[in-house]
Amino acid sequence: MLERGLAYRKKQIVNWCDQDKTVLANEQVEDGLCERCGSEVELREMEQWYLKITDYAERLHTDLDKVDWPEETIKRQRDWIGKSEGAVVKFPLEGNLGEIKELEVFTTAHDTIYGVTFMAIAPEHKLIDQVLKQLENSKDVESFIKKARNKTELERQQNKDKSGLKLEGINAINPINGSKIPVFVADYVLVEYGSGAIMAVPGHDDRDYEFANKHDLEIKYLTKEQEYVSYSQEIKSNLEKYSIANSDEFDGLSFAEARPAILEKLTKSGTGYAKTAYKLRDWSVSRQRFWGAPIPVVYDPQGEIHPLKLEDLPVLLPDDVEFVPTGQSPLTYSAEFQKGVERKYGKGWKREVDTLDTFMCSSWYYLRYIDPHNENEFASKEALNTWMPVDFYIGGPEHVNGHLLYSRFFTKVLFDAGYIKFDEPFIFHRHQGLIHGEDGRKMSKRWGNVINPLDVIEKYGADTTRMYEMFMGPLEQDKSWNDNAVQGVRRFLQRVNDFSKVKFSDKGLSNNMHKLISRITKSTEEMRFNVAIADFMKQLNIFEDNKESVSLEDWKAYLLLLAPYAPFLTEEIWSNIDSNGSIHLQRWPSFDSKLLFEEEVTIAIQVNGKLRDTLNLSSGTGQADVEAKALALKSIQKHIAEKPIRKVIYVQDKILNIVT
Ligand code: ANZ
């Protein structure tokens, strides 16, 4: 990663969880709260390690077309990556301010540029440092910025008080028409998105509108009707309805038509260009925790970063660590950890003391699992070719913006470096539902409703536990635990066990079993395990009702189908009836598809060519059977009572005509 320029250190505003005393990645912050401990996350400026996942933003977005994942999951990941097509527009700044002579903004609504009445920059925008001293209200701006930096991420995003401050003495020029516009510093502008600055259009943007009202700023409407229309909610989906006003030569065009035309004008004059922006940020990977892999770099006495020599890997965690929450990595104070570094690298060299977020490991574990003892490479080519990519991945939906995104990134980096031949790790992905407690609530110590699977296994056995979980309902649905139903599954398995003692006949596979094999194969492949289990139960009833006629072949096929559902019990029974080794090493039973279609057909029953009744029978029913059933019908009997039957004509599966 370091060699490929994908790992780097930088000073940055980071998410700090003071309870855990560590930095968090954006993906680990949920609504401004730490996803682990739920405490409020602070923003702090710190130097940290990052991986340049943003270099892969476009591929991470586009390649979602290649995977078969739940639609909602794909959408959530796309939203997190946040691809937006828009434009960068440069607004020159008036006066001689120094290095930064213009404000660049990212906008997805350049068609509203005639409605810009102010600009706003993030409190961390670098223009502030440059102009602070020249501002007429520099003291106020300074204290505003301090306050903003002390706010939590949540407070800033919500920006309930619409706080902001005008930079007195500075004006920007609208490049499209030369109008003068004030510049504000405002909380709601994020330093990391786009260019950390916006052109504000209060006539058509909700947040700009609220801000303008609070600060008494001009509001300019661009619709003919001169009314507020929220750009994000209405115009984008309803463009043709509105035509533009107050926009010079573009007046009368629809917003959709104006967008490319205005972009062309900006591009020609050198004041703008088309740009795609992504919400995704680089991934912060360093943590101030003890657990986690040490970051494999060393610093020379000048503080330059060097990767560790290969022979020094892996770096093991030391034992002499004190866990005093200082806000520094626990490894900072370990003498053992630094021991030997100087001998190997030189005087004054030091190891990095931060550790890697555990997501670093979960991003590629699936590659290691297929060849875990390989000492020379993370996995052999053979193993990779045989097993990868993962063809079926099951996990919770909570991983969508973390693990699933990071793993895709790792896979693409390894693909680009030539280590693997695929660039998506998980082709097929489904989520399992949550299992709630018996009271229907999410399992939690707080509610005292936690079911420990080990206790269930202890009481009912592993097969019952496993099979019950599959029987509870559709895989992807949330479900509540029900102890009675567990006992039901246990009784079913007991009956399977008991049935193994009957005397089986040596007839072949029955038609019924051909059908069962076909159905169970299908529902297993489709992961409709609950449906399969219901089928097993029905079939056992049929077996029990027809004890004398069940063949050994029927029974063996049944056990083979049941093996993935109840692996221990079926293995046990199998060992008594078959000497060819484990049931789990046998072939899946096959069926004859010709025997499956016992379709029902409607047969017209005629007397002397006239339709008198119909019969619903299995297709392929022979003439004798159809005739017997037809003659038993009262509706037919009354038409044949007078004369004797001369002839019966049967058209297979269609018509039975009785001629008198
Ligand atoms: C002017 C404008 C007028 C905008 C309008 C929207 C509606 P998405 O679609 O999510 O990419 N923006 C740009 N950079 C920002 C930042 N650093 N912090 C906060 N807001 C920022 O959003 C793009 C829009 O978000 C941009 O388009 C910009 O506001 C705002 F009627 O520009 B717009």
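Residues numbered from 1 in each chain as written. Predicted model: local features only at pLDDT ≥ 70, side-chain atom pairs only at ≥ 80, totals over all residues. Heavy atoms only, no water.

- Where an unreviewed UniProt entry is consulted, the protein appears under the name Leucine--tRNA ligase, with the organism given as candidate division WS6 bacterium OLB21.
- Its UniProt record, at the heading Sequence similarities (unreviewed entry), says of the protein: "Belongs to the class-I aminoacyl-tRNA synthetase family." (UniProt positions renumbered as here; feature names shortened; annotations may be inferred.)

### Observations regarding the overall build of the protein
Part 1 of the reasoning: For the protein, the helix and strand inventory stands at 23 helices and 26 strands.
Part 2 of the reasoning: For 660 residues, the compact-globule estimate of 2.2 N^0.38 gives 26 Å, and the C-alpha radius of gyration of the protein, at 36 Å, exceeds that figure by more than 25%.
Part 3 of the reasoning: Dimensions of the protein, computed from C-alpha atoms along their principal axes, come out at roughly 115 × 75 × 50 Å.
Part 4 of the reasoning: Counting the 660 residues in the protein, one finds 47% classified as buried. (Helix = DSSP H or I, 4+ residues; strand = E, 2+ residues; numbered from the N terminus. Rg over C-alpha atoms; globule rule 2.2 N^0.38 Å. Buried < 20%, exposed > 50% of the residue type's maximum accessible area, 1.4 Å probe, protein only.)

### Concerning the site of the ligand
Part 1 of the reasoning: In the vicinity of the ligand there are 19 residues, among which Ser-84, Thr-107, Leu-190, Tyr-193 and Lys-279 approach most closely.
Part 2 of the reasoning: Take Ser-84: an N or O atom from its side chain is 2.5 Å from an oxygen atom of the ligand.
Part 3 of the reasoning: Alone, the ligand offers 650 Å² of accessible surface; in the complex the protein occludes 87% of this.
Part 4 of the reasoning: When residues of the shell around the ligand are traced back to their parent elements, those giving at least two are strand S7 (102-107) and strand S11 (197-200). (Near = heavy atom within 4 Å. Polar contact = N/O pair within 3.5 Å; in protein donor to acceptor, adjacent residues only side chain to side chain. Areas by Shrake-Rupley, 256 points an atom, 1.4 Å probe, with all protein chains shown as cover.)

### Notes on the nonpolar core
Part 1 of the reasoning: In this structure, Met-467, Phe-492, Val-496, Trp-555, Tyr-558 and Tyr-565 are the most contacted members of the largest nonpolar core, which totals 42 residues.
Part 2 of the reasoning: If you list the elements that add at least two residues to this core, you get helix H15 (453-460), helix H16 (462-471), helix H17 (483-499), helix H18 (511-525), helix H19 (529-545), helix H20 (552-562) and helix H21 (567-577).
Part 3 of the reasoning: Among residues more than four places away in sequence, those in contact with Phe-492 are Met-467, Phe-536, Met-537, Leu-540 and Tyr-558.
Part 4 of the reasoning: Ranked by size, the runner-up nonpolar core spans 39 residues in total, among them Val-89, Val-116, Phe-144 and Ile-145. (Core = buried A, V, L, I, M, F, W, Y, C linked by side-chain atoms within 4.5 Å. Contact = heavy atoms within 4.5 Å.)

### A word on the pairing of strand S1 (residues 7-17)
Part 1 of the reasoning: As paired elements, S1 and strand S5 (residues 41-51) share 11 bridges and run antiparallel to each other. Bridge pairing links Asn-15 to Leu-43 in S5.
Part 2 of the reasoning: Alignment of S1 against strand S2 (residues 22-24), held across 3 bridges, turns out to be antiparallel. Residue Trp-16 lies in a different strand from S2, and its bridge partner there is Val-23.
Part 3 of the reasoning: The turn joining S1 and S2, which pair antiparallel and follow one another in sequence, is formed by 4 residues; a positive phi near 55 degrees is taken by Lys-21. (Pairing = 2+ DSSP bridges.)

### Focus on H18
Side chains that are three or four residues apart share a direction in an α-helix, a result of its 3.6 residues per turn.
Part 1 of the reasoning: With 15 residues, H18 extends 22 Å from end C-alpha to end C-alpha; this agrees with the ideal 21 Å at 1.5 Å per step.
Part 2 of the reasoning: Turning to H18, its buried residues are Met-513, His-514, Lys-515, Leu-516, Ile-517, Ser-518, Ile-520, Thr-521 and Ser-523.
Part 3 of the reasoning: Looking at the buried side of H18, the elements it contacts are H19 and H20.
Part 4 of the reasoning: Phi for Met-527, located one or two positions after H18, is positive at around 60 degrees. (Expected span 1.5 Å × (residues − 1).)

### Thoughts on the sheet that holds strand S25 (residues 647-651)
Part 1 of the reasoning: The strand order across the open sheet built from 4 strands is S24-S23-S26-S25, with neighbouring strands paired in mixed fashion. The open sheet terminates on both sides in strands that have one partner only, identified here as strand S24 (610-618) and S25. Strand-to-strand, the axes of this sheet are offset by a mean angle of 20 degrees, without reference to chain direction.
Part 2 of the reasoning: Pairing of strand S23 (residues 600-607) with strand S26 (residues 655-659) involves 4 bridges; the strand directions are parallel. By the bridge assignment, Ile-605 is partnered in S26 with Leu-656.
Part 3 of the reasoning: Against the sheet, helix H22 (residues 623-631) touches S23, S24, S25 and S26, its axis set at about 125 degrees to S24. (Axes fitted to C-alpha atoms, helices over the stretch in contact; angles between N-to-C directions.)

### So, the environment of Gly-82
Part 1 of the reasoning: Relative to the assigned elements, Gly-82 resides in the loop between helix H2 (71-81) and strand S6 (83-92).
Part 2 of the reasoning: When its relative accessible area of 10% is taken as the criterion, Gly-82 is described as buried.
Part 3 of the reasoning: When residues no more than four places from it in sequence are discounted, the contact partners of Gly-82 are Tyr-193, Ala-277, Tyr-278 and Lys-279.

### As for unusual backbone geometry
What is expected of a backbone is that most residues other than glycine have negative phi and most peptide bonds are trans.
Part 1 of the reasoning: Of note, the bond from Leu-313 into Pro-314 is cis; its omega dihedral lies within 30 degrees of zero at -5 degrees.
Part 2 of the reasoning: Within the secondary structure layout, Pro-314 lies in the loop between strand S16 (305-307) and helix H9 (335-338).
Part 3 of the reasoning: In this model, Asn-246 sits at a positive phi of 60 degrees, which is unusual for a non-glycine residue.
Part 4 of the reasoning: Within the fold, Asn-246 resides in the loop between helix H7 (231-235) and helix H8 (255-268).
Part 5 of the reasoning: Judged by relative accessible area, which is 37%, Asn-246 ranks as partly exposed.
Part 6 of the reasoning: You will see that Asn-608, though not glycine, has its phi angle at about 50 degrees, which is positive.

### So, the side chain of Glu-352
Part 1 of the reasoning: Here Glu-352 shows up in the loop between strand S17 (350-351) and strand S18 (355-356).
Part 2 of the reasoning: Within the structure, Glu-352 has its side chain in polar contact with the side chain of Arg-9 (distance 3.0 Å).
Part 3 of the reasoning: A polar contact of 2.3 Å, which involves the side chain of Glu-352, links it to the side chain of Tyr-299.
Part 4 of the reasoning: For Glu-352, the residues in contact, after removing those within four places along its chain, are Arg-9, Trp-49, Ile-295, Val-297, Tyr-299 and Phe-337.

### Focus on the packing of H19 against H20
Part 1 of the reasoning: The N-to-C vectors of H19 and H20 enclose an angle of 160 degrees; their axes lie 12 Å apart at closest approach. Classified by the angle between their axes, H19 and H20 sit roughly antiparallel to one another. Between H19 and H20 the crossing geometry is left-handed. Two secondary-structure elements touch here, H19 through Phe-536, Met-537, Gln-539, Leu-540 and Phe-543 and H20 through Asp-554, Trp-555, Tyr-558, Leu-561 and Leu-562.
Part 2 of the reasoning: Here the contact of H19 with H20 is built from residues that sort into 8 nonpolar, 1 polar and 1 charged. (Parallel < 35°, antiparallel > 145°, perpendicular 65-115°, else oblique. Left-handed = near helix turned anticlockwise from the far one by under 90°. Nonpolar A, V, L, I, M, F, W, Y, C, P; charged D, E, K, R; others polar.)

### Some remarks on the environment of Leu-540
Part 1 of the reasoning: The topology assignment puts Leu-540 in helix H19.
Part 2 of the reasoning: With relative accessibility at 0%, the residue Leu-540 sits in the buried group.
Part 3 of the reasoning: Each C-alpha atom, one on Leu-540 and one on Gly-448, is 37 Å from the other, the two residues being 92 residues apart in sequence.
Part 4 of the reasoning: In this structure, Leu-540 is in contact with Phe-492, Arg-495, Val-496, Phe-499 and Tyr-558, ignoring residues within four places of it in sequence.

### Considering the pattern of salt bridges
Note that side chains of opposite charge can pair when their charged atoms are close.
Part 1 of the reasoning: Taken as a whole and assessed by the stated rule, the structure comprises 34 salt bridges.
Part 2 of the reasoning: Linking Asp-79 and Lys-75 is a salt bridge whose minimum nitrogen-to-oxygen distance equals 2.9 Å. In this pair, Asp-79 and Lys-75 both sit in helix H2, 4 residues apart, roughly one turn of the helix.
Part 3 of the reasoning: When the shortest N-O distance is used, the salt bridge between Asp-498 and Lys-501 registers 3.9 Å.
Part 4 of the reasoning: Judged by relative accessible area, Lys-501 falls into the exposed class, the value being 63%.
Part 5 of the reasoning: Taken together, the shared-partner salt bridges connect Asp-63, Lys-66, Arg-408, Lys-412, Asp-423 and Glu-424 into one network. (Salt bridge = Lys/Arg side-chain N within 4 Å of Asp/Glu carboxyl O.)

### A closer look at the packing of aromatic side chains
Part 1 of the reasoning: Enumeration according to the criterion identifies 33 aromatic pairs in this entry.
Part 2 of the reasoning: Here the aromatic rings of Tyr-188 and Phe-211 are separated by 5.5 Å at their centres, their planes lie at 55 degrees, and the arrangement is tilted. With Tyr-188 in the loop between strand S10 (180-186) and S11 and Phe-211 in helix H6 (residues 206-215), this pair connects stretches of sequence that are 23 residues apart.
Part 3 of the reasoning: Judged by its relative accessible area of 6%, Tyr-188 is buried.
Part 4 of the reasoning: Ring geometry for Phe-409 against Phe-410: centres 6.2 Å apart, planes inclined by 80 degrees, an arrangement best described as edge-to-face.
Part 5 of the reasoning: In textbook terms, an aromatic cluster arises when at least three aromatic residues are bridged by ring pairs, as seen for Phe-499, Phe-504, Phe-529, Phe-536, Phe-543, Trp-555, Tyr-558 and Tyr-565.
Part 6 of the reasoning: When the ring centre of Phe-337 is taken as origin, the NZ or CZ atom of Arg-351, which lies over that ring, is 5.4 Å away.
Part 7 of the reasoning: In this arrangement the basic side chain of Lys-556 is found over the ring face of Trp-574, its NZ or CZ atom lying 5.5 Å from the centre. (Phe/Tyr/Trp six-rings, centres within 6.5 Å; stacked < 30°, edge-to-face > 60°. Lys NZ or Arg CZ within 6 Å of the ring centre and 35° of its normal.)

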